[in-house]
Amino acid sequence: MDNYFKIGRLVATYRLQGEIILQHSLGKKTSLKGLETIFIEEKKDSFIPYFIESAKIKSETETYIKLEGIENKEAAHKLIQKEIWLLENDFKKFADKSAPISLLGFTMINDDEEDLGEILEIIEQPHQVLCKILLNGKEALIPIHEEFLDKIDKKNRKVFVTLPDGLLEIYR
């Protein structure tokens, strides 16, 4: 099975020809040059491909995109607030290596050498970054803060953390 990585969401229509604004967390300005397909998760683990006709930079975190088959503002409006996913290989090409989103798929290890789980989602908030993992079958949100972050091993795809006492107990 292919691995998909969530990079953002479609936030607004633009013009009358069906262009849409993609708000992304890739960590750098991008026109997505060379990217052919994005995916929308219609239902759990069911990703529908949409082919990109054109794309251009709007800002550091936004890109205008025109999708095949979306020819007017009404059709584009139906896709607003949908989350956008990329295949793993495309994600690696477009995500900035220093952006928090580049930690997707890494394994989180605590200071007791306990494997806490794979980082499934990165949630960027104004004052902190949260990593969503599955801990004992439950969704857990772990803050990645400079005080908690010990080391990032990019070669072995591991994030080492020292978490405050009691943080994991609320998920166990």
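Note that the structure is a prediction, hence the values are computed from the model and not measured. Each residue is numbered by its place in its chain's sequence as written, counting from 1. At least 70 in pLDDT is required for a residue's local features to be given in this predicted model, at least 80 for side-chain atom pairs to be given and counted, and no such filter applies to totals for whole chains, interfaces and linings, which use all residues. As a rule here, side-chain values cover all heavy atoms of the structure and leave hydrogens and water aside.

*Asks:* Could you clarify how one ought to interpret a negative patch on the surface in this entry?
*Replies:* Think of a patch as exposed residues, more than 30% relative accessible area, with no salt bridge, where like charges cluster within 9 Å and nonpolar side chains (Val, Leu, Ile, Met, Phe, Trp, Tyr) cluster within 5 Å. Accessible areas in this description were obtained via Shrake-Rupley with a 1.4 Å probe; residue shielding takes into account the shown protein chains only. Should a side-chain nitrogen of Lys or Arg be within 4 Å of a carboxyl oxygen of Asp or Glu, the pair is scored as a salt bridge. Note that His is not counted, nor are the chain ends; the positive residues are Lys and Arg, and the negative ones are Asp and Glu. Charge coordinates come from a single atom per side chain, which is NZ of Lys, CZ of Arg, CG of Asp or CD of Glu. A cluster of acidic residues, Asp111, Asp112, Glu113, Asp150, Asp165 and Glu169, forms a negative patch on the protein surface. Helical segments are the DSSP runs of H or I of at least four residues, strand segments are the runs of E of at least two, and each set is numbered from the N terminus. Tracing the chain through its elements places Glu169 in the segment after strand S13 (158-161).

*Asks:* Whenever I open this one, the environment of Phe5 confuses me. Can you help?
*Replies:* Along the chain, the position of Phe5 falls in strand S1 (residues 4-14). In the structure, Phe5 is positioned 140 residues away from His145 in sequence and 22 Å away in space, judged by C-alpha atoms. Contact criterion: two residues are considered in contact whenever any of their non-hydrogen atoms come within 4.5 Å of each other. Setting aside anything within four residues of it in sequence, one finds Phe5 in contact with Ile84, Trp85, Leu86, Glu88, Phe91, Leu104 and Gly105.

*Asks:* Before we go on, may I ask you to explain the packing of aromatic side chains in this structure?
*Replies:* The geometry of two aromatic rings is summed up by the distance between their centres and the angle between their planes. For Phe, Tyr and Trp, where Trp contributes only its six-membered ring, two rings pair if their centres lie within 6.5 Å, and the inter-plane angle classes them as stacked under 30 degrees, edge-to-face over 60, or tilted in between. A complete count under the given rule lists 5 aromatic pairs for this structure. Relative to Phe47, the ring of Tyr4 has its centre 3.9 Å away and its plane inclined at 15°; by these criteria the two rings are stacked. On the criterion of sequence distance, the pair formed by Tyr4 in strand S1 and Phe47 in strand S4 (residues 46-57) is long-range, its members being 43 residues apart. The cut-offs for exposure are 20% and 50% of the maximum accessible area for each residue type, with area from a 1.4 Å probe on protein chains only; residues under the lower value are buried, those over the upper are exposed, and the others partly exposed. Judged by its relative accessible area of 22%, Tyr4 is partly exposed. Of the aromatic side chains, those joined through ring pairs into one cluster are Tyr4, Phe39, Phe47 and Trp85. Its end group placed over the ring of Phe160, Lys151 keeps NZ or CZ at 4.9 Å from the ring centre. Here, a charge over a ring means that NZ of Lys or CZ of Arg falls within 6 Å of the ring centre while also lying within 35 degrees of the ring normal.

*Asks:* Sorry if this is basic, but what is going on with the pairing of strand S2 (residues 19-24) here?
*Replies:* Both faces of the sheet carry side chains from a regular strand, because those side chains alternate between them. Among the 6 residues that make up S2, 5 are buried, leaving the element largely enclosed by the rest of the structure. When S1 meets S2, the two strands line up antiparallel, connected through 6 bridges. Residue Leu10 lies in a different strand from S2, and its bridge partner there is Leu22. Hairpin connection of S1 to S2: 4 residues between the antiparallel strands, including Arg15 at a positive phi of 65°. At least two DSSP bridges between two strands are required for those strands to pair.

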